[in-house]
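Each chain is listed here by its residues.
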Amino acid sequence: FRVFDESAIDVAMASVHMYHVIGSLDLLEEIFKIHNISDQSICVAGWTLISVTGDQRLSLPNVEIPPKQCLTVWSGKDSHLHCTTPLNVHWTNRYVWNNGGDSALVLDAAGQSVLLVEMGLPDPTYPPTAEGISSTELLCHIVRLGLTEKMPVPNLDDEALKLFYHQHVVPLVRSATNSESTVS
């Protein structure tokens, strides 16, 4: 079953605009970009970029993205050749992004979500329990539903995220399931 709530989309977009950034992901070219759409520089020191499918993580360097410019993170074969300026960051020469579909999650220095970019993935389903789900996947479910704007999400502590998921996501899943069964 899927939970779809239009208000969650608006809330999730609001969290993106807190930093005035937009993310873009090219799975085949192994490129992730953080676009600064504001009139102020944005420092990404302490931010973390996560490839959700493989749970690979990159701590972004102490770089400021000037207004109306972007930071590009490169991975894949010979990707280091593109990294000749501070706004071009080399992750690894290995392939990071799953060409069949992947999500890029960016967390700020406090562990709060900055943005989530999903490419090539089916509509998400929300498990009725947090058991057996990685903390990164739990956080993605929480971000998709826009819950990070309503309340602070615990940092990537597994037990705290599981508790948060059970307290805030499971009731939404149950409510959506009950709504679907009464409509049928």
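Just above sits the structure.
Just so we're clear, the structure is a prediction, and the values are computed from it rather than from any experiment.

The rules we used
Residues numbered from 1 in each chain as written. Predicted model: local features only at pLDDT ≥ 70, side-chain atom pairs only at ≥ 80, totals over all residues. Heavy atoms only, no water. Helix = DSSP H or I, 4+ residues; strand = E, 2+ residues; numbered from the N terminus. Buried < 20%, exposed > 50% of the residue type's maximum accessible area, 1.4 Å probe, protein only. Contact = heavy atoms within 4.5 Å. Areas by Shrake-Rupley, 256 points an atom, 1.4 Å probe, with all protein chains shown as cover. Core = buried A, V, L, I, M, F, W, Y, C linked by side-chain atoms within 4.5 Å. Pairing = 2+ DSSP bridges. Axes fitted to C-alpha atoms, helices over the stretch in contact; angles between N-to-C directions.

Draft legend 1. Focus on the overall build of the protein. In terms of regular secondary structure, the protein is built from four helices and 10 strands. Secondary structure elements of the protein, listed N to C terminal, follow the sequence α-β-β-β-β-β-β-β-β-β-β-α-α-α. Within the span of the protein, comprising 184 residues, buried residues form 42% of the whole. Long-range contacts, defined as pairs at least 24 residues apart, comprise 54% of the intrachain contacts of the protein with a sequence gap of at least 6. In the form shown here, the protein has an accessible surface area of approximately 9500 Å², with 53% of it arising from carbon and sulfur atoms.

Draft legend 2. The arrangement of the nonpolar core in detail. One finds Phe32, Ile34, Leu49, Leu71 and Trp97 to be the most contacted residues of the largest nonpolar core, which totals 25 residues. Of all the secondary-structure elements, those providing two or more residues to this core are β1 (21-26), β2 (31-36), β7 (70-75), β8 (88-92), β9 (102-107) and β10 (113-119). At three residues, the largest contribution of residues to this core is made by β10. Once residues within four sequence positions are removed from consideration, Leu71 is found in contact with Phe32, Lys33, Ile34, Val44, Leu60, Val63, Ile65, Pro86, Leu87 and Val89.

Draft legend 3. Up close: helix α2 (residues 135-144). Most of α2 sits inside the fold, with nine of its 10 residues counted as buried. Of all the residues in α2, the buried ones are Ser135, Thr136, Leu138, Leu139, Cys140, His141, Ile142, Val143 and Arg144. A positive phi of about 75° marks Gly146, the residue just after α2.

Draft legend 4. Main features of the sheet that holds strand β4 (residues 48-51). Spatial strand order, β5-β4-β9-β10: four strands in an open sheet with antiparallel pairing. Edge positions in the open sheet fall to β5 (56-59) and β10, since each of these has one partner strand only. On average, adjacent strands in this sheet sit at an angle of 15° to one another, irrespective of strand direction. Sheet topology places β9 next to β10; six bridges connect them, and they run antiparallel. Within β10, the residue paired with Leu107 across the bridge is Ser113. Strand contacts of α2: β4, β5, β9 and β10, with the helix running at about 85° to β9, the strand carrying the most contacts.

Draft legend 5. Molecular detail of the side chain of Ser79. Position of Ser79 among the secondary structure elements: in the loop between β7 and β8. Contact partners of Ser79, with chain neighbours within four places excluded, come to Trp74, His90, Thr92 and Asn93.

Draft legend 6. Broad picture of the pairing of β9. Of all six residues in β9, six are buried; the element is thus mostly enclosed. Burial along β9 is two-sided: the face carrying Asp102, Ala104 and Val106 and the face carrying Ser103, Leu105 and Leu107 are both buried. By the bridge criterion, four bridges tie β4 to β9 in an arrangement that is antiparallel. Looking at the pairing, Leu49 lines up with Val106 of β9. Where β9 folds back onto β10 in an antiparallel hairpin, the turn is made up of five residues, including Gly111, whose phi is positive at roughly 85°.

Draft legend 7. Summary view of the sheet that holds β7. A sheet is described by the order of its strands in space; here four strands give the open sequence β1-β2-β7-β8, paired in mixed fashion. The two strands at the open ends of the sheet, each matched to only one other strand, are β1 and β8. Between one strand axis and the next, the sheet turns by 15° as a mean value, whatever way the strands run. Examined bridge by bridge, β7 and β8 share four bridges and lie parallel to one another.

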